[in-house]
Structure formats: C-alpha cells, structure tokens
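Summary of the model geometry
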Amino acid sequence: MRQPRLTFFCELEADALKALFADRAVIDDLAALEASVSLGILDLSAERAEVVRALNGAGIPVIAWQLLPKEQGYWFNLGNALQAAARYTEFKRWTEEHALRWDGVGLDIETDIREMQELAADRWSLVPTVLGRAFDAERLRRAQAQYTALVAQIHADGYRVDSYLMPFIVDERRAGSTLVQRLAGLVDIPVDREVLMLYTSFFRPRGPAILWSYAADTDSVGVGVTGGGVDLEGTADKRFLDGEELCRDLLLAQRHTDDIHVFSLEGCVEQGFLARLREFDWAQPVTVPLAMAAQVETWRKALRAGLWASAHPWLVLGGAAAVLALVRRLRRSQAT
C-alpha cells in the first residue's frame with residue numbers, strides 16, 4: 001500500500017514555532033514525506049511569516065489555518081462570522097506584505113473556546129445560552145450565509161477551502177437537522193475538503209471504533225492527539241497518543257482514505273514520530289475493532305433518529321397521536 005497524503009497541524013505561538021523549525025531536520029522530514037502543514041494563524045507576526053517563507057522555499061505546501069484571538073472565540077463558530085471575515089481581510093494584507101504562498105485556507109468550526117472553558121468550570125452555567133440558541137434558527141441561517149460568503153471570497157482569491165469538523169456533524173446532515181449546530185454553536189457550510197477530527201485520544205477506550213465508523217464518511221481523517229493544542233482543563237482526556245496508538249490510527253484511517261491529517265506536528269517531533277514515519281510500513285496489518293464499531297454504529301443510528309425527530313416534530317406528534325387513537329379504538333372494540 002502506498003503512503004497516503006499527510007498533512008500535519010501545527011498550532012504554536014510565534015517563538016515556539018520559530019524554535020521548532022530552527023531544526024532543519026523537521027523540514028527535511030516533511031519534504032521526504034511529501035507532507036503538507038496546516039499552520040495555525042495565531043498571529044500575523046513577522047516571525048510566523050518567516051517560518052512560512054522557509055516552508056515555501058523548501059517546497060512544502062502550507063495551509064493557512066484561520067484562527068481568531070481567544071477573546072473572539074478562537075475557533076470559527078455561530079457567533080463570530082463577522083470577526084472571521086475581518087480576520088481573513090487582515091490575513092490577506094499580511095500575506096501580501098510578506099509575499100507568502102498558501103496551498104489552501106482552513107476553517108476550524110468548533111464551539112466558542114470561552115464556552116468550552118466556562119463549561120469546564122461549571123457544566124450548568126451554559127444552560128440558558130444553549131436553550132436560547134436551540135430555538136433561534138434565524139441566527140444559524142444568518143451565520144451560514146455569512147460563512148458561505150467568506151468561502152466565496154476565499155475562492156475568488158484563488159484558494160481551496162478546507163474545514164475541520166466534529167464528527168457528529170455527519171449524522172446531523174443525514175438526519176436533515178440543525179439542532180446540534182444550534183446547541184453547540186457550530187455552522188455547517190460547503191467547502192472543498194472536509195476533515196473530520198477523529199482524535200482517539202479524546203474518546204478512550206472507544207476512540208478506534210469511532211474513528212473506524214466515521215472514517216468512511218469524510219474526505220480526510222484527522223488523527224491524534226500526539227501533543228500540543230489548546231489546554232482545556234477538564235474537557236477531555238489529556239493523555240497523548242503513544243507510538244503504537246498513532247500507528248494503529250494511521251493504519252485504520254488509511255483503510256478508508258488516502259488523505260490523512262495528524263494533530264500535531266510539534267507532538268510528533270517531540271515524541272520522535274516524524275522521522276520514524278519516513279520508514280513507516282503502510283502495508284502492515286491492523287486489528288479492526290469491529291465489535292465496538294458495531295456498537296458505535298448503533299449509537300449513531302439512534303442519534304440520527306433523535307435528530308430527525310427534532311427536525312420533524314409535527315410528524316412525530318402526528319404519528320404518536322395516530323398510534324394512540326388506534327390503540328384506543330382497539331381497546332374499545334375488545335371491550336364490546
């Protein structure tokens with residue numbers, strides 16, 4: 001089996017980013033793997049531009065992973081479409097100023113980081129916010145229109161658009177619902193390539209089964225976490241993947257797709273994975289968690305049924321009323 005296309009997420013502040021790429025071996029390994037880098041645009045600094053130019057010079061494709069300041073939500077979501085568009089305008093000016101080249105633009109669609117932090121501190125504090133969003137379909141339609149316009153602008157500027165998504169968005173789409181988007185503050189928009197973030201380190205011990213179940217439903221599988229990322233204390237398992245777990249996830253993902261994203265580059269470098277991937281045997285066997293994956297499929301079917309019901313409440317109520325009327329008629333006939 002041939003090596004799939006690999007893209008490594010990199011989410012570092014400017015000083016740490018510069019230090020990472022000060023080691024020429026990192027660029028050499030990326031070049032040998034013919035890999036891309038999805039670089040988090042945490043700032044628009046000269047130091048970040050210098051790293052992008054170094055990658056450009058080495059022929060390594062770089063995707064501009066768009067991010068906002070944390071006080072604006074960090075990831076793109078239901079409530080910050082206008083800030084996202086403004087940030088992209090600033091990003092274009094920075095790109096032109098430093099003569100940077102991009103292989104594409106990545107949009108990270110996740111719940112507002114401030115809500116995630118608040119949830120970690122007090123799980124009940126967001127109930128009023130979430131309930132308010134659940135009944136505000138107009139707000140979601142407005143955000144979808146704004147993000148669709150942003151994607152059109154990025155296309156007009158000559159870039160491919162990727163999106164980084166939570167896996168359950170696939171089930172919501174199939175069910176014809178928008179409930180999860182409204183509750184979690186997400187926005188589902190058409191792009192050129194979708195990457196489902198199937199990070200098994202977050203879902204232990206069912207992570208491999210979740211990866212296997214969802215991997216067939218996406219353009220590209222995101223595996224991880226090998227290290228790095230935003231520190232959200234109390235919201236997820238913080239243990240990073242070890243070498244054996246990363247090997248397993250790469251092989252499982254490869255059975256479904258030839259396009260794999262790895263979170264993160266800095267974690268792979270720190271654990272010595274990047275250099276070892278140059279000799280990785282993509283043809284080696286892997287144990288598929290079929291029994292647990294079957295359980296995941298059952299849960300997904302139940303989720304889709306619930307989401308479908310949320311999107312068609314009058315049909316559900318009408319059906320329930322019809323069944324209730326039939327039961328009463330049968331009871332009356334039996335009584336007589």
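First, a word on scope: everything that follows refers to the structure included in this document.

Conventions used here
Residues numbered from 1 in each chain as written. Predicted model: local features only at pLDDT ≥ 70, side-chain atom pairs only at ≥ 80, totals over all residues. Heavy atoms only, no water. Phe/Tyr/Trp six-rings, centres within 6.5 Å; stacked < 30°, edge-to-face > 60°. Buried < 20%, exposed > 50% of the residue type's maximum accessible area, 1.4 Å probe, protein only. Lys NZ or Arg CZ within 6 Å of the ring centre and 35° of its normal. Helix = DSSP H or I, 4+ residues; strand = E, 2+ residues; numbered from the N terminus. Polar contact = N/O pair within 3.5 Å; in protein donor to acceptor, adjacent residues only side chain to side chain. Contact = heavy atoms within 4.5 Å. 1 Å grid on protein atoms, 1.4 Å probe; cavity = no way out; pocket = protein on both sides within 12 Å on 5 of 7 lines; lining within 4 Å. Points joined across faces, edges and corners; volume = space filled by probe spheres on them. Nonpolar A, V, L, I, M, F, W, Y, C, P; charged D, E, K, R; others polar.

**Some words on the packing of aromatic side chains**
As enumerated under the stated definition, the model contains 14 aromatic pairs in all. With 5.4 Å between their ring centres and 70° between their planes, Tyr74 and Trp75 make a pair best called edge-to-face. We classify Tyr74 as buried; its relative accessible area is 4%. One aromatic cluster in this structure is built from Phe9, Trp65, Tyr164, Tyr199, Phe202 and Phe263. Between the NZ or CZ atom of Lys70 and the centre of the ring of Tyr74, over which it lies, the distance is 5.8 Å. Against the face of Tyr214 rests Arg300, its NZ or CZ located 3.7 Å from the ring centre.

**Considerations on the side chain of Ser177**
Of note, Ser177 is situated in the loop between α8 (168–175) and α9 (179–184). Judged by relative accessible area, which is 5%, Ser177 ranks as buried. A distance of 3.0 Å separates a polar side-chain atom of Ser177 from the backbone nitrogen of Leu179. Leaving out residues up to four positions away in the same chain, Ser177 has contacts with Glu172, Leu307, Ser310 and Ala311.

**Considerations on empty space enclosed by the protein**
Taken as a whole, this structure holds 1 cavity of 30 Å³ or more when the rule is applied. Every residue along the wall of the largest cavity is listed here: Ile109, Leu165, Met166, Ile169, Leu186, Val187 and Asp188. Classifying every residue of the lining of the largest cavity gives 6 nonpolar, no polar and 1 charged.

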